[in-house]
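Topology and contacts: notes
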Amino acid sequence: MRLEAALLIIVCAAACEGGTASQKNDASPRTEAQARIPATPALREGLAVLLAACERRDGEACRNAGVITSEGIGVSPDPAKAATLFARACELGSAAGCNNLGLAYALGLGVVADAPKAASLYDQGCAAGSSLACRNWALMALDGKGLARNPALAEQRLTAACESGLALACSSLGAAYRDQKLASADPAKSSVPWFVRACNNGDASACRIVGEAYLRGSGVPKGAAPAAMWLGLACDQGELRACELLGKTQPSPAQDNATR
């Protein structure tokens, strides 16, 4: 089995279970039920192909094998083994592998939690080209977790990651302004454009946040029509809270009758 075919089988297996976490570098650990993707001969063979490629010093194969092992796609979840694979991937130059290993140290998944180690690995992944690692490092730098606070560089890295198309980075930048972790004369007004960019890049929760801003008139002119538009976008993508709020943008029967 070719490496490309192995990856296709594994990605398809994850997608058929209704998730794409295997393709994310920043996914939280999945629940036991989510991780129970049944083992099949094709999945076992696919993982074997990745592990063999990892032995041949293919860093991305090591990382993909680590994600599969961590999430339990067709195998029992094994965070410790996954961390070993992520470490090998990072050693072989995989930027995403460094980010995955950073996440393991940040959360204590298969290794002893170590915030400075996590920050160092995120920094390494960022330098190697992982926008997600840049975003994760920036979050730690904003909070001074595992390293000294560095809001200026955090803002720079979040902005670059957002401009690369990473929706999570756009949302994180918006949240940093909103929560006054970055200097701004008007935190609410400064945050909204970044949430808009995140929404446009596919972050449904960011669409909801923009809709809520229009509902409250926070950083933008208050308005039911724009609120409904943004909340509708979020609701269409499965944001249940947005669906609930969407009802508040519609006039009640009594209000509707009163305007006639």
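Residues numbered from 1 in each chain as written. Predicted model: local features only at pLDDT ≥ 70, side-chain atom pairs only at ≥ 80, totals over all residues. Heavy atoms only, no water.

Details of the packing of aromatic side chains
Considering all chains together, one arrives at zero aromatic pairs under this definition. The lysine or arginine in question, Lys117, covers the ring of Tyr105, its NZ or CZ lying 5.9 Å from the ring centre. Over the aromatic face of Trp137 sits the side chain of Arg157, whose NZ or CZ is 4.2 Å from the ring centroid. (Phe/Tyr/Trp six-rings, centres within 6.5 Å; stacked < 30°, edge-to-face > 60°. Lys NZ or Arg CZ within 6 Å of the ring centre and 35° of its normal.)

As for the environment of Met140
Positionally, Met140 belongs in helix H8 (residues 131-143). Distance in space between the C-alpha atoms of Met140 and Ala115 is 8.6 Å, their sequence separation being 25 residues. Among residues more than four places away in sequence, those in contact with Met140 are Ala115, Ala118, Ala119, Tyr122, Lys145, Gly146 and Leu147. (Helix = DSSP H or I, 4+ residues; strand = E, 2+ residues; numbered from the N terminus. Contact = heavy atoms within 4.5 Å.)

Side note on the state of the cysteines
As enumerated under the stated definition, the model contains six disulfides in all. The residue that forms a disulfide with Cys162 is Cys170, at a sulfur-sulfur distance of 2.0 Å. Here the S-S torsion is close to 95°, and the disulfide linking Cys162 with Cys170 is therefore right-handed. Both residues of the pair, Cys162 and Cys170, belong to the buried class. By sequence order of its bonded cysteines, the chain has the disulfide arrangement 1-2, 3-4, 5-6, 7-8, 9-10, 11-12. (Disulfide = S-S within 2.5 Å. Buried < 20%, exposed > 50% of the residue type's maximum accessible area, 1.4 Å probe, protein only.)

What to know about the pattern of salt bridges
Tallied over the entire structure, the rule returns eight salt bridges. Residue Arg63 is joined to Glu60 by a salt bridge in which the shortest nitrogen-to-oxygen separation is 3.4 Å. Residue Arg63 and its partner Glu60 are both found in helix H4 (residues 59-71); the two are separated by three residues, about one turn of the helix. Between Arg208 and Glu212 there is a salt bridge whose closest N-O contact spans 3.0 Å. Remark: Glu212 and Arg208 occur in helix H12 (residues 204-216); sequence separation between them is four residues, near one turn of the helix. According to the relative accessible area criterion, Arg208 is buried, its value standing at 17%. When salt bridges with common partners are traced through the structure, they connect Arg208, Glu212 and Glu239 into a single cluster. (Salt bridge = Lys/Arg side-chain N within 4 Å of Asp/Glu carboxyl O.)

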